[in-house]
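Chain by chain, the residues:
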Amino acid sequence: NMKRKIIIANWKMNLGFKESKTLSEKILKKLKTRPNFFLRNLKIKKLDIILCPSFTNLSEVSRILKSKSGIFLGAQDCFWEDHGEFTGEISPVWLKNLGCRYVILGHSERRKNLKETNNMVHQKVKAALKAELIPIICIGETLEERRRGIKDYVILDQLSSALTGIDLDLKQKIIIAYEPVWVIGSGRAITPNEAEYMNKIILQRMIDFYPLERVKKNISIIYGGSVSADNVKSFVDLETTDGVLVGGSSLKAAEFVKICQAII
Ligand code: PGA
């Protein structure tokens, strides 16, 4: 698997303005001072690091990351229209203009707390691509769905709904993040074998949807759910896994940099 590896830090609603600023500065500093791990080498080392702060902190983190290559900015959500009478919503175009390259869509916490549906996620994916953002599409089954034995069906349904009718051109990329909902924040990841099984199902559906070359070059499949410095390598070493989405373990500079280091 020769694809670039991806590490995404999802800070969720955990950090305010000052904390976001401090954490991004600390991460940069640590990455720069690690032996054999200079920022300018990230390109060569085939690793993309993406930080996803809250909306109100994006511009500050964007300013900090700006001159540094190899670390990118992502938002945690966007709306499906680019402007208009949508009180409280955020345009994907503004995110792009702010320096975002990525946007997380359909995270299970939004599906649960804000009742985001597969169709809403689908519209957001379309809008993000149109704004030239790379969508990070989160899918995953709940514990109840797993117990009922419908996990594979749920994943395929989320995936198909998100992407139906969306063509990818040569330049457009998407990231699919498989995150078993019951594992998020639990401190206990699933086994690499289980992640591999799900990622193979996801890969198969992508091959059904898109030309093989497009899948190979433009679509990445990553794992999320209680990823830590201790287990990250066991996931990233898998044939079908191109990276990880990290929540809790991305909130401390030392732990997060260890995760990046483990992959390189
Ligand atoms: P976690 O969160 O790493 O804290 O489990 C992952 C996520 O929700 O993206």
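Rules and cut-offs
- As a convention, each chain's residues are numbered from 1 in the sequence order in which they are written.
- For a predicted model such as this one, the threshold for reporting local features is a pLDDT of at least 70, and the threshold for listing and counting side-chain atom pairs is 80 or more; totals across whole chains, interfaces and linings nevertheless cover every residue.
- To get the side-chain values, all heavy atoms of the structure are used, and hydrogens and water are removed first.
- Salt bridges are defined by distance alone: a side-chain nitrogen of Lys or Arg within 4 Å of a carboxyl oxygen of Asp or Glu.
- Helix and strand assignments come from DSSP, with helices taken as H or I runs of at least 4 residues and strands as E runs of at least 2, each series counted from the N terminus.
- Think of it in three bands: with a 1.4 Å probe and only protein chains considered, a residue is buried below 20% of the maximum accessible area for its type, exposed above 50%, and partly exposed in between.
- One heavy atom within 4 Å of a molecule or strand is enough for the residue carrying it to be called near that molecule or strand.
- Definition of a polar contact: a pair of N or O atoms within 3.5 Å, with one able to donate and the other able to accept a hydrogen when the atoms are protein atoms, and with sequence-neighbouring residues admitted only if both atoms are side-chain atoms.
- Side-chain classes are defined by residue name, with Ala, Val, Leu, Ile, Met, Phe, Trp, Tyr, Cys and Pro counting as nonpolar, Asp, Glu, Lys and Arg as charged, and the others, Gly among them, as polar.

Q: Help me understand the pattern of salt bridges in this model?
A: Between side chains of opposite charge, a pair can form when the charged atoms approach closely. The tally for this structure, following the rule as stated, stands at 18 salt bridges. Between D77 and K124 there is a salt bridge, and its shortest N-O distance comes to 2.9 Å. Separated by 47 residues along the polypeptide, D77 in the loop between β3 (71-75) and α4 (92-98) and K124 in helix α6 (residues 118-130) bring together distant segments of the chain. A relative accessible area of 4% places D77 in the buried class. Judged by relative accessible area, K124 falls into the buried class, the value being 2%. Put simply, E213 and K217 hold a salt bridge, and the shortest N to O gap is 3.0 Å. Of the two residues, E213 and K217 are both situated in helix α10 (residues 212-218); the distance of 4 residues between them amounts to about one turn of the helix. Through salt bridges with shared partners, one network takes in K21, E25, E60 and R63.

Q: Looking at this model, I keep getting lost on the site of the ligand. Mind explaining?
A: In the vicinity of the ligand, the contacting residues are N10, K12, H107, E179, I184, G185, G225, S226, L245, V246, G247 and G248. A distance of 2.7 Å is found between an oxygen atom of the ligand and a side-chain nitrogen or oxygen belonging to H107. In the model, an oxygen atom of the ligand is placed 2.7 Å from a nitrogen or oxygen of the S226 main chain. For the shell around the ligand, a count of residues per class yields 3 nonpolar, 7 polar and 2 charged.

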